[in-house]
Amino acid sequence: MKPVMDNIVASAPGKVILFGEHAVVYGKPALALAIDRRFRCQVSHSEEIYLDGKIFEPNKHPYTYFILSRYWPQRGLDIELDSDIPSGSGLGSSAALCVSLNAALMALRGEEGEGLCAKRSFDAELGVQGSASPLDTSVSTHGHGISINLPNGRHLWDIQHEDRRWSVGHIDVPEMTLVVGYTGVHAPTGPLVAKVRRYYDHSAFAREIIDEIESVTIEGEAAIRAQDMVRLGSLMTQNHKLLSILGVSGRELDRLVDASLMYSYGAKLTGAGGGGSMIALTDRPDDVCEAIKLHGGTPFVVHTEQPGVTVQKKKRL
Ligand code: MEV
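Residues numbered from 1 in each chain as written. Predicted model: local features only at pLDDT ≥ 70, side-chain atom pairs only at ≥ 80, totals over all residues. Heavy atoms only, no water.

Draft legend 1. The overall build of the protein, seen in detail. A count of helices and strands for the protein gives nine helices and 13 strands. Relative to the 2.2 N^0.38 estimate, which gives 20 Å for 317 residues, the radius of gyration of the protein is 19 Å and therefore close to what a compact globule would have. The dimensions of the protein, computed from C-alpha atoms along their principal axes, are 65 × 45 × 35 Å. Among the 317 residues that make up the protein, the fraction classed as buried is 56%. If you take every contact in the protein between residues at least 6 apart in sequence, the share linking residues at least 24 apart comes to 74%. Split by element, the accessible area of the protein, about 13,500 Å² in all, is 49% carbon and sulfur. Of the charged side chains in the protein, 32 are positive and 38 negative, and the gap between their average positions amounts to 4 Å. (Helix = DSSP H or I, 4+ residues; strand = E, 2+ residues; numbered from the N terminus. Rg over C-alpha atoms; globule rule 2.2 N^0.38 Å. Buried < 20%, exposed > 50% of the residue type's maximum accessible area, 1.4 Å probe, protein only. Contact = heavy atoms within 4.5 Å. Areas by Shrake-Rupley, 256 points an atom, 1.4 Å probe, with all protein chains shown as cover. Lys, Arg positive; Asp, Glu negative; His and termini not counted. Charge placed at Lys NZ, Arg CZ, Asp CG, Glu CD.)

Draft legend 2. Spotlight on the packing of helix H1 (residues 62-71) against helix H2 (residues 93-108). Interhelical geometry of H1 versus H2 gives an angle of 25° and a closest axis separation of 10 Å. Accordingly, the angle class assigned to the pair H1 and H2 is roughly parallel. Here the hand of the crossing between H1 and H2 comes out right-handed. Of H2, the residues touching H1 (which contributes Tyr-63, Thr-64, Ile-67, Leu-68 and Tyr-71) are Ser-94, Leu-97, Cys-98, Leu-101, Asn-102 and Leu-105. (Axes fitted to C-alpha atoms, helices over the stretch in contact; angles between N-to-C directions. Parallel < 35°, antiparallel > 145°, perpendicular 65-115°, else oblique. Left-handed = near helix turned anticlockwise from the far one by under 90°.)

Draft legend 3. Spotlight on the sheet that holds strand S10 (residues 266-270). Overall, antiparallel pairing links the four strands, which are arranged S10-S11-S9-S12 in an open sheet. Since the sheet does not close on itself, it has two edges, and those belong to S10 and strand S12 (298-302), each with one partner. Each strand axis lies, on average, 25° off the axis of its neighbour in the sheet, ignoring direction. Where S10 lies against strand S11 (residues 277-281), five bridges are found, and the strand directions are antiparallel. Directly across from Ala-267, in S11, lies its bridge partner Ala-280. (Pairing = 2+ DSSP bridges.)

So this is what it looks like as structure tokens:
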């Protein structure tokens with residue numbers, strides 16, 4: 001009889017950021033929501049390391065390599081990945097990869113804990129990108145809505161790196177319709193975060209913009225609590241303008257944001273920028289989708305209030 005093998009399937013959501021991307025890297029507040037696009041990672045014991053049926057090539061998969069070398073050193077593993085979050089789209093695909101792989105390895109090792117999974121996944125993003133916050137990895141782990149460094153969330157966990165500390169909380173978010181517009185421009189997070197860091201380190205003006213993003217985020221959280229969509233949308237648009245001044249928007253993103261505004265409460269880029277995606281808060285999703293299509297983007301309506309990482313353990317004969 002063949003041995004019975006543990007086969008683990010973990011699934012983690014992508015995200016949109018309502019407020020605070022980039023500023024959160026410097027310990028400022030932020031708000032993010034999990035969306036109904038997910039990354040799935042299936043693992044089982046094996047003699048060698050395989051990724052999607054091929055021998056694993058570490059230099060092609062830096063996040064996977066980082067996590068395996070820390071939590072599965074010198075052992076074989078059969079890994080299969082599958083995602084409906086486009087990579088470099090600003091929708092959290094690298095965070096969801098890290099969270100689903102870490103959750104799967106934790107299940108194989110008999111470990112538990114949302115906080116531990118979020119912490120390990122943040123370490124991987126930080127290790128690969130050189131600079132990061134725990135925003136994307138925390139929302140992908142917990143799901144629903146999360147706040148960082150805001151007093152009103154139900155406290156989940158704290159994450160620290162050097163002199164920065166991020167307090168992560170769960171937030172309740174009213175029902176709202178968000179349309180994503182994907183520019184089709186692949187924009188990896190690392191270089192954009194590094195670009196903002198250079199600007200931040202050398203310019204008092206950049207630090208002022210980061211402070212303004214902080215104020216907009218604090219007001220945005222109050223608008224969510226008040227369920228004031230008009231105010232919320234206008235603050236999102238302000239956040240987009242501040243991100244443009246920081247140099248992380250771009251022609252394609254600005255075009256999609258401008259095109260959406262006629263039918264939205266507000267719109268902004270989401271994630272690192274430089275391409276990737278924007279979001280619009282609207283009660284006219286069909287009109288926004290049409291406007292985005294007309295201006296060269298790929299629109300889709302996202303549903304929020306999504307669960308965080310899930311793990312299923314199966315026996316494979
Ligand atoms: C990327 O989705 C969000 C950034 O703030 C980077 C980070 O928080 O790690 C740009």
